[in-house]
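# Fold and geometry: a report
Residues per chain, in single letters:
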Amino acid sequence: GPKLMDDELYTQDLTAVCVPTFPTPDVIANQDLQTEILKGTPGLYFFRPRRSHLLDLLMQSWWNQTQSNPLEQRYYSCVPYLLGEGQAMMYSFRPKEKRRAKIPRVPLRPPDNYLRDAMVKTLAGSDVEFDILVQVQVDAHRMPIENASVLWPEKLSPFVAVGTLRIPRQKFDSPSQMAFAHNLSYNPWHSIAEHRPLGNQSRARRRMYWELSQLRQSMN
């Protein structure tokens, strides 16, 4: 169907990260966080008097961990999307197999590309499959659209498996593939209208992701 951005005609980008909520509730708070990061004082965003974000810090600390292999991790959309007109959802990708690779050089700093190396080793030996999960919004107050720091309760609406993502055994780190990756762009708005991103932070990401991809591609 017709796409919401015309720079990618044949893709549906499903971006996801390994924590189930966004680090900031809305785009204004995100601007505050980015300002502190540029100053080199991100802790002030969470501990600022009279405008702290201690609950956001707690949520991110609870879920974040040192990753062993990107193919072993569960991913979350963090922000809601449409599941057809009038219905919001969150989506998630969960590995079908439970694996835990060894992180090299722990407790010292791991090699810079150890995550890529772990994926190379895994996909050299076997296919990898993820369950594609969807969580449907059933309560607009407890499962908000505009506050991305709220964890949607699974007691109200559990994640349901709707498909399988299969990554076939392959070699992906050839020089030509790495050159392609340097110029690849992704944007949650590379989407059809029926699955468009929802919420103020998603609306801001449309422009920001596009600007950043233009800058990166011009540099590369």
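Description of the structure in this document. (Residues numbered from 1 in each chain as written. Predicted model: local features only at pLDDT ≥ 70, side-chain atom pairs only at ≥ 80, totals over all residues. Heavy atoms only, no water.)

### Looking at the overall build of the protein
The helix and strand tally for the protein stands at 6 helices and 5 strands. Its helices and strands taken in sequence order, the protein reads α-α-α-β-β-β-α-β-β-α-α from the N to the C terminus. By its C-alpha atoms, the protein is 50 × 45 × 40 Å across when sized along the principal axes. Among the 220 residues that make up the protein, the fraction classed as buried is 37%. Contacts spanning at least 24 positions in sequence make up 71% of the contacts within the protein whose residues lie at least 6 apart. Accessible area for the protein stands at about 13,700 Å²; split by element, carbon and sulfur atoms hold 59% of it. In the protein, which carries 27 positive and 22 negative side-chain charges, the distance between the mean positions of the two groups comes to 6 Å. (Helix = DSSP H or I, 4+ residues; strand = E, 2+ residues; numbered from the N terminus. Buried < 20%, exposed > 50% of the residue type's maximum accessible area, 1.4 Å probe, protein only. Contact = heavy atoms within 4.5 Å. Areas by Shrake-Rupley, 256 points an atom, 1.4 Å probe, with all protein chains shown as cover. Lys, Arg positive; Asp, Glu negative; His and termini not counted. Charge placed at Lys NZ, Arg CZ, Asp CG, Glu CD.)

### Some thoughts on the pattern of salt bridges
Summed over all chains, the structure comprises 9 salt bridges. Between D131 and R94 there is a salt bridge whose closest N-O contact spans 3.4 Å. Taken as a pair, D131 in strand 4 (residues 128–136) and R94 in strand 3 (residues 88–95) lie far apart in primary sequence, 37 residues in all. The class for D131 is buried, based on a relative accessible area of 13%. The exposure class of R94 is partly exposed, given its relative accessible area of 34%. In this structure, D131 and K96 form a salt bridge, with 2.6 Å as the shortest nitrogen-oxygen distance. Of this pair, D131 sits in strand 4 while K96 sits in the loop between strand 3 and helix 4 (114–125), placing them 35 residues apart in sequence. (Salt bridge = Lys/Arg side-chain N within 4 Å of Asp/Glu carboxyl O.)

### A word on the state of the cysteines
Enumeration according to the criterion identifies 0 disulfides in this entry. With no disulfide partner, C18 has as its closest neighbouring cysteine sulfur the one in C78, 8.6 Å distant. (Disulfide = S-S within 2.5 Å.)

### Brief notes about helix 4
Within an α-helix, residues lying three or four positions from one another point in the same direction, as the helix has 3.6 residues per turn. Here helix 4 spans 17 Å end to end across 12 residues, near enough to the 16 Å set by a 1.5 Å rise per residue. Within helix 4, the full set of buried residues consists of Y114, A118, T122 and L123. The arc that holds every buried residue of helix 4, seen down its axis, measures 165 degrees, which confines them to one face. Where helix 4 is buried, its residues meet strand 4 and strand 5 (160–167). (Expected span 1.5 Å × (residues − 1). Arc of directions from axis to C-beta.)

### A short note on the environment of G86
By the secondary structure assignment, G86 is in the loop between strand 2 (81–82) and strand 3. Using a relative accessible area of 72% as the deciding quantity, one classes G86 as exposed. Spatially, the C-alpha atom of G86 lies 9.5 Å from that of E194, the residues being 108 residues apart in sequence.

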